[in-house]
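Fold and geometry: a report
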Amino acid sequence: MKVLIVCTGNSCRSQMAEAIIRLFHPHVDVLSAGTNPEKEVNPYAVEVMKEIGIDISHQFPKSVEKFIHESFDYVITVCDSAKEKCPVIQGKIRKRLHIGFPDPAEATGSHEEILHIYRSVRDDIIKTFKEFRFE
């Protein structure tokens, strides 16, 4: 089972989803990519994932262009912008899904207020993918 998670910057939601899917579905080969990748994984995402014992500090943003010739069982977009801008993957795709999550990078306020938003998105991603059936 091979899965590609796509977001715009591949610095937050898709990185968290990749790690969460890897945790709950160890039989799944999961990758993430962005339509316009950032330079590094968002530090708030790294921080809130560490709170639950998952280290994503070694992960790095990748361009979806890197994967356009590969085949996947699932290509899942996790933000509306990626859904609209995702290039056509030329390999075989069994299922395309859009499971959108709010962009925590838009959060403002104190460090703790921003972390609260990131935790909320992280928890939504966990809730969504913990019971997800990759078939």
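Scroll up for the structure.
Considering the sheet that holds strand 4 (residues 93–98)
Taken together, 4 strands build an open sheet; the order of strands is 2-1-3-4 and the sheet is parallel. Of all strands in the sheet, those with a lone pairing partner are strand 2 (29–34) and strand 4, marking the two edges. Neighbour-to-neighbour, the strand axes of this sheet turn through a mean angle of 20 degrees, independent of strand direction. Pairing between strand 1 (residues 2–7) and strand 2: 6 bridges, direction parallel. Looking at the pairing, Val3 lines up with Val30 of strand 2. With respect to the sheet, helix 1 (residues 13–24) is in contact with strand 1 and strand 2, its orientation differing from that of strand 2 by roughly 180 degrees.

Concerning the nonpolar core
Counting 34 residues, the largest nonpolar core has Met16, Ile56, Ile76, Phe129 and Phe134 as its most contacted members. Ranked by residue count, the leading element in this core is helix 4 (residues 111–130), at 7 residues. Residues within four places of Phe134 in sequence aside, it is in contact with Met1, Val3, Ile21, His25, Val28, Tyr74, Ile76 and Phe129. In this structure, Leu4, Ala33, Val75 and Ile93 belong to the second largest nonpolar core, which totals 9 residues.

So, the packing of aromatic side chains
Summed over all chains, the structure comprises 7 aromatic pairs. Taken together, a centroid distance of 5.9 Å and an interplanar angle of 75 degrees make the contact between Tyr74 and Phe132 edge-to-face. Of this pair, Tyr74 sits in strand 3 (residues 72–77) while Phe132 sits in the segment after helix 4; the two residues are 58 residues apart in sequence, bridging distant segments of the chain. Residues Tyr74 and Phe132 agree in their burial class; the two are buried. Ring geometry for Phe132 versus Phe134: centroids 4.6 Å apart, planes at 55 degrees, classification tilted.

Each value, and the rule that gives it
- Residues take numbers from 1 onward in each chain, read along the sequence in its written order.
- In keeping with the predicted nature of the model, local features appear solely for residues at pLDDT of at least 70, side-chain atom pairs appear and are counted solely at 80 or more, and the whole-chain, interface and lining totals rest on all residues.
- Each side-chain value is worked out from all heavy atoms of the structure, with water and hydrogens disregarded.
- Pairing between two strands requires that DSSP report at least two bridges joining them.
- Per the convention used, a helix needs a DSSP run of H or I reaching at least four residues, while a strand needs a run of E reaching at least two, with both numbered from the N terminus.
- To obtain each axis, a line is fitted to C-alpha atoms, and for helices this fit is confined to the stretch in contact; angles are then taken between N-to-C directions over 0 to 180 degrees.
- Note on contacts: a residue pair is in contact if any heavy atoms of the two residues lie within 4.5 Å.
- In this description, a nonpolar core means a group of buried Ala, Val, Leu, Ile, Met, Phe, Trp, Tyr and Cys residues linked to one another through side-chain atoms lying within 4.5 Å.
- For every residue, the accessible area obtained with a 1.4 Å probe (protein chains only) is divided by the maximum for its type, and the residue is called buried under 20%, exposed over 50%, and partly exposed between those limits.
- Pairs were defined over the aromatic rings of Phe, Tyr and Trp, the Trp ring being its six-membered one, requiring ring centres within 6.5 Å. Orientation was assigned from the angle between planes: stacked under 30 degrees, edge-to-face over 60, tilted for the rest.

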